[in-house]
Structures are given as structure tokens and as C-alpha cells.
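Okay, here's what each chain looks like letter by letter:
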Amino acid sequence: IMPANQKADKLVSHGGLTYGGILSDASMTTPRMVELFDKLHIYGQSNGIKSIIYKTIPYIYSRIFAQEDQYALFRNNALLSRRDVLAVIERSNRLPYQQRRKRAIKKGKNAGLEVKKTSNYEAFWSILEENLLQNYKIKPVHRLSEITFLAERFPDNIQLYICSDREKILAGAVLYVSTEVAHIQYIAASEKGKSIGALDLLFTELIDYVYVDKHYFDFGISTEQNGKVLNIGLIDQKEGFGARAVMHDQYKMV
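Residues numbered from 1 in each chain as written. Predicted model: local features only at pLDDT ≥ 70, side-chain atom pairs only at ≥ 80, totals over all residues. Heavy atoms only, no water.

## Some words on the overall build of the protein chain
So, step 1. Helices and strands together make up the secondary structure of the protein chain, namely eight helices and 12 strands.
So, step 2. For a compact globule of 254 residues, the expected C-alpha radius of gyration is about 18 Å, and the protein chain comes in at 20 Å, within 12% of that figure.
So, step 3. On the principal axes, the C-alpha backbone points of the protein chain span a range of 65 × 35 × 35 Å.
So, step 4. Residue burial in the protein chain is summarised as follows: out of 254 residues, 43% are buried.
So, step 5. A fraction of 72% describes how many contacts in the protein chain between residues 6 or more apart in sequence connect residues 24 or more apart.
So, step 6. As displayed, the protein chain offers around 14200 Å² of accessible surface, 52% of which is attributable to carbon and sulfur atoms. (Helix = DSSP H or I, 4+ residues; strand = E, 2+ residues; numbered from the N terminus. Rg over C-alpha atoms; globule rule 2.2 N^0.38 Å. Buried < 20%, exposed > 50% of the residue type's maximum accessible area, 1.4 Å probe, protein only. Contact = heavy atoms within 4.5 Å. Areas by Shrake-Rupley, 256 points an atom, 1.4 Å probe, with all protein chains shown as cover.)

As C-alpha cells, then:
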């Protein structure tokens, strides 16, 4: 199956999703994938589609190896149109924390901060919206009502953890949890939280204790403007916890 939407003469897999492409089970083979792309090309020609935007799924999200589509893309002369950098920790090959991160974690512990799971999305969302507006002039992809609805429907897969000083939230993270990966979808901290190591303490609790059973811990992307700009400060913080680069690519076929 390939979730997709058509916009004018363009087919996108899928415009409303971060990741896309063909979803398959263990019965998929490379020759079958090549055949599927041949049929996809024929479908496009028969329906007035002049280009196909194909979003790959980063390999860390696959339960088994599943990059047959990337060979098929090559066979169809697909052009790399976007590349984002995920910062990922591999559980079985951990790298040590940087000293700066260790000092910030210690600062958070000395401040007596507490990390816990919560369903208080409203309190966290106000911090998140302020951060995104101040730093990037944007709003969260999800409205508060939407993320609350999704978290209620999928409590095992969408979770919110906060770092607080007594009852005051200083930092938080919304995570999407799958079989192999704990992925941070949203991160935010107040100015006080940033100054006393709230985010660092939150991250180390999530990495070392809460999601220790996941093969990968994915901080998400640190790129902007369709991957052309790397946010150095953001990726430096993530790599300080031992994360390294995993690519998320998009291709264009004509």
C-alpha cells in the first residue's frame, strides 16, 4: 500500500505525512518492488500525473530491512529533491554524553527537578507555542485539540513527559513510540528550564530509563528550508547526547 494524495498533476506520498512511500511486509522482494514502480509509472501516465514526490521511510523505522524502494527509485531515474538529518541514538552502540551535557544534567538534578509522564497537554502546549513563535515564527503542526485527541486514541504510541519544579512545568517532550523507535515529535522549555538544565535532565531520563527497551532514540530533524539549512545549535545539543546522523530523503520522479 502507498498512502498518497494528488495535487493538480503531482502525486505525493503523502503530503500530510512526514514519512511516506510503499508500505510492505516480509513478502516484499526487490523484483516485486521494481514491478510496482513500473505500475506506478503507468498509473501516472494514465491519470495525467507529470511528477511523483516519493518520501522514503528512514531505515530505523523498519522491523526488517526494507530499502527495495530506493533501488527502484534509482531504476526510474528519480532525483533527490530533499534531505533532512535525523539525530539518532543507537542503543546497541551508545556513544558517551559530552561533558557539557553531563554538567547540565547535574545542574538539573541539583535543582531538585522531577521528570514524570503526564496527560496535561494544555500546560505544555502553551510553552511549545511560545517557543515556536519566538524562535521560528510558526505554530505547532497539531492544534491542542488534535494532539489531545490522538493521545487519547493511541496512549501507547503518543506520550508526554515533563520536567518540573514542584508543579511548574519547565520543559517537556511529546514522543511517538513505535516498535523499534522512541521519536521526539515536540520539544519545548521555558527560559528558566533552559537555564537550569531541565531539558538535559528530561532527555537523559527518557534515553536511559523510560525508553531503554527501544533500539533507537530519534531526536528528529535539525534542518530547515527543505533540508538546505542545518540548525547548528540544535543538532549540537542532540549530538551531545551521543546521537548521530540518519538521513530522511525525498525523491522526485517525472
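So, next bit.
## Looking at the pattern of salt bridges
So, step 1. Going through the model one piece at a time under the given rule, you end up with nine salt bridges.
So, step 2. Its salt-bridge partner being Asp-200, residue Arg-101 comes within 2.5 Å of it at the nearest N-O pair. Linking Arg-101 in helix α3 (residues 99-110) with Asp-200 in helix α7 (residues 198-210), this pair joins segments that are 99 residues apart in sequence. You'll find Arg-101 and Asp-200 in the same group, each marked buried.
So, step 3. A salt bridge links Asp-165 to Lys-192; the shortest N-O distance between them is 3.3 Å. Taken together, the residues Asp-165 in strand β6 (residues 158-165) and Lys-192 in helix α6 (residues 191-195) connect sequence positions 27 residues apart.
So, step 4. Shared partners join several salt bridges into a network, and the residues in it are Asp-165, Arg-166 and Lys-192. (Salt bridge = Lys/Arg side-chain N within 4 Å of Asp/Glu carboxyl O.)

## Thoughts on the packing of α3 against α7
So, step 1. Closest axis-to-axis distance for the α3/α7 pair is 7 Å, and the angle between their directions is 100 degrees. When the axis of α3 is compared with that of α7, the two are roughly perpendicular. The residues of α7 that touch α3, namely those facing Arg-101, Ala-104, Ile-105, Gly-108 and Lys-109, are Asp-200, Leu-201 and Thr-204.
So, step 2. For the contact of α3 with α7, the class distribution of residues is three nonpolar, two polar and three charged. (Axes fitted to C-alpha atoms, helices over the stretch in contact; angles between N-to-C directions. Parallel < 35°, antiparallel > 145°, perpendicular 65-115°, else oblique. Nonpolar A, V, L, I, M, F, W, Y, C, P; charged D, E, K, R; others polar.)

## Focus: the sheet that holds strand β8 (residues 181-189)
So, step 1. Strand order in the open sheet made by the 10 strands is β1-β2-β3-β12-β4-β9-β8-β7-β6-β5, with mixed pairing throughout. In this open sheet, the two edge strands, each paired with only one partner strand, are β1 (5-7) and β5 (114-118). On average, each strand axis in the sheet is tilted by 30 degrees relative to the strand beside it, whichever way the strands run.
So, step 2. Pairing of β6 with strand β7 (residues 168-177), which is carried by eight bridges, proceeds in the antiparallel orientation. From the neighbouring strand, Ile-162 faces β7, where its bridge partner is Gly-172.
So, step 3. Each of β6, β7 and β8 touches helix α4 (residues 121-136); the most contacted strand, β8, lies at about 70 degrees to it. (Pairing = 2+ DSSP bridges.)

## Considerations on the nonpolar core
So, step 1. With 28 residues, the main nonpolar core has Leu-175, Leu-206, Ile-207, Tyr-211, Phe-217, Phe-219 and Phe-241 as its most contacted residues.
So, step 2. For this core, the secondary-structure elements that each account for two or more residues are β4 (79-90), β6, β7, β8, α7 and β9 (216-221).
So, step 3. For this core, the element with the most residues is α7, which contributes seven residues.
So, step 4. When sequence neighbours within four positions are dropped, the list of residues in contact with Leu-175 reads Asn-157, Ile-158, Gln-159, Tyr-161, Ala-182, His-183, Ile-184, Gln-185, Leu-206, Tyr-211 and Phe-217. (Core = buried A, V, L, I, M, F, W, Y, C linked by side-chain atoms within 4.5 Å.)

## Description of helix α8 (residues 232-239)
So, step 1. Buried within α8 we find Ile-235, Gln-237 and Lys-238. What you see down the axis of α8 is that its buried residues fit within an arc of 155 degrees, all on one side. Residues Ile-232 and Gly-233 are exposed on α8 and point more than 90 degrees away from its buried face.
So, step 2. Where α8 is buried, its residues touch β4, α3, α7, β9 and β11 (229-230). (Arc of directions from axis to C-beta.)

## A few points about the packing of aromatic side chains
So, step 1. As enumerated under the stated definition, the model contains 12 aromatic pairs in all.
So, step 2. A centroid spacing of 5.4 Å and a plane angle of 50 degrees characterise the contact between Phe-37 and Tyr-54, whose relative ring orientation is tilted. Here Tyr-54 lies in strand β3 (residues 51-55) and Phe-37 lies in helix α1 (residues 30-46), a separation of 17 residues in the sequence. Both residues of the pair, Phe-37 and Tyr-54, count as buried.
So, step 3. Ring-pair connections join several aromatic residues into one group, and the members of that group are Tyr-97, Phe-203, Phe-217, Phe-219 and Phe-241. (Phe/Tyr/Trp six-rings, centres within 6.5 Å; stacked < 30°, edge-to-face > 60°.)

All we've got here are geometric facts, nothing functional implied.
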